[in-house]
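# Notes for the structure review
Below, each chain spelled out in residue letters.
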Amino acid sequence: MFLRLQVCLALALHVLLAAGRQLFQRDNATASAFVTAGNGIFQLNGKYFRFYGTNAYWAHMTTNYDLDMTFHDMATAGFKVVRTWAFNDVAKKPQSGPYFQILNGGKATINEGADGLQRLDKLVAAADKYGIKLILTLTNNWNPERQVPAVAWNRRENSKELPRGYLQNDFGGIDAYVRNFHPGGTHDLFYTDRTIIEAFKNYVKAVVTRYSQHPAVMAWELGNDLRCSSTLKASNNCNPQTITRWAAEISKYIKELDHKHLVTAGDSGFYCLDCPKLFAKTSTPKRPALEGPSFDGSYGIDTEDLVSIPSIDFGSLQIAPEQIQLFPVLKKVKPATQAIGDGGKWIEVHSQTSILLKKPEALLSAGIVPKSNCKYFVPNDQVTFQPDRLPCHGVERFQVEYSITYWASTAINGNVDGVLEANWLQTGLTSHGTTNPIWDRRAKRQSAPLGNSPQNGYAYEPRYEGAATGQTAEQFASSAPPV
């Protein structure tokens, strides 16, 4: 069963939205229910819940009008789950655009105003309106330091610099905490320093309690792609147990604040097959097919121990061939061919982990960069587009479509019950990326120039055509038989 995993023609849908036409049917019963996990599967409203969705880290930076249009288009495509950033850390109050927390002078100040967490309120409300469930990410492993641009991201693409919030690594995160509380410190202080931990828990409390009763939230994600190191290096003391202990403390704390929502660590799924375990009673045995940094704890992650934490409800994995080599390089095999195959093998390994540990797994981000997007690609640890002189290692467009289709089919037909595309590309946006009400008024008159949402290389021209069987993304996710 194949799914052409592409999204709606957003500009056309924008016109329809403005005309007040609804191209989706909100299921009130499921929209008001909470997603649960048990016996190795997700459930929603008493039924087995498999899902296909996308990522939109940038969503809270938009105006109310664009938020509504974006979630309308996602719902029309049949997407039922969206992952987005529920954090936005800055060193000082920016000149424009939302921010959720100022980290400066050894202090952390949460912004609950109209340009603060109230923007997240609007996002949650938009998701709820269209029956979409949210995975809300609480921090990010990646936050390379750069001079803060004067303005928030400009969707009309007439800026020579990348505006604040354009990149997924431009919203603060782990290194922002370390730079604030321990300048010159190592990345893993975030997991061990009590001052930082308490500051993070304070932010977690502010966000989690805000939506603890809201059914639009599916899950809390502790942090995107947790690791021992980032642009700030790791200390010699960081190992998988360092992050596992931290995840156990934070996830337990979240469960004390909110017992209705699921919690996941948010790691990329790296293993440590020979590591002693803190929580896992059983684990994947080491074998020749599972070799290299993805399986030896090099990244400071032991995904099986993380999933086995009692307060962690489901496991996570990610696929981004341009960012990480999951398996050793094969001789005489083209890089694109190996990348596609490695993604399938990665999913299969995690499918077995789900069976072994009796907890569901979700592919939180699946993407591969097409050649046409090389100009947009920015690695996690960098802040600028790649120079034109560098060779492009992207794949052909048909390979992108095949990759996502193959990975999604492998996941949904196996024991990885959720798949999210790496980045939703929204077209037809009318606002400037600020919360200025003038832009909302212009949007309603449709007089502002149209533009696209931020692009990190993994989003491509939206053109949702459905599966070969005529199914929507929702139907595809729910119809595959269990293994």
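Our subject is the structure listed above.
Okay, so let's go over this structure. Remember, predicted model here, so these are calculated numbers, not experimental data. (Residues numbered from 1 in each chain as written. Predicted model: local features only at pLDDT ≥ 70, side-chain atom pairs only at ≥ 80, totals over all residues. Heavy atoms only, no water.)

Inspection of the entire model under this criterion finds 19 salt bridges. Put simply, Asp-225 and Arg-227 hold a salt bridge, and the shortest N to O gap is 3.1 Å. The buried category is assigned to Arg-227, whose relative accessible area is 9%. Lys-252 serves as the salt-bridge partner of Glu-256, at 2.9 Å between the closest nitrogen and oxygen. With Glu-256 and Lys-252 both in helix H8 (residues 240-257) and four residues apart, the pair spans about one turn of that helix. Taken together, the shared-partner salt bridges in this structure form one network comprising Arg-194, Glu-198, Lys-201 and Glu-249. (Salt bridge = Lys/Arg side-chain N within 4 Å of Asp/Glu carboxyl O. Buried < 20%, exposed > 50% of the residue type's maximum accessible area, 1.4 Å probe, protein only. Helix = DSSP H or I, 4+ residues; strand = E, 2+ residues; numbered from the N terminus.)

Now for the state of the cysteines. For the coordinates displayed, the defined rule picks out two disulfides. Each sulfur in the disulfide pair Cys-228 and Cys-238 lies 2.0 Å from the other. Because the sign of the S-S torsion sets the handedness, a value of about -85° for the bond joining Cys-228 and Cys-238 places this disulfide among the left-handed ones. With Cys-228 in the loop between strand E11 (217-221) and H8 and Cys-238 in the loop between E11 and H8, the pair connects residues that are ten residues apart, well separated along the chain. Here Cys-228 and Cys-238 have matching classes, each one buried. Linked covalently through their sulfurs, Cys-272 and Cys-275 form a disulfide whose S-S length is 1.6 Å. (Disulfide = S-S within 2.5 Å.)

In this section: helix H3 (residues 64-76). Between its terminal C-alpha atoms H3 stretches 18 Å, which fits the 18 Å expected from 13 residues at 1.5 Å a residue. Among the 13 residues in H3, twelve count as buried, and that is most of the element. Looking at H3, one finds that the buried residues are Tyr-65, Asp-66, Leu-67, Asp-68, Met-69, Thr-70, Phe-71, His-72, Asp-73, Met-74, Ala-75 and Thr-76. Just downstream of H3, Gly-78 is the residue with a positive phi angle, here 90°. (Expected span 1.5 Å × (residues − 1).)

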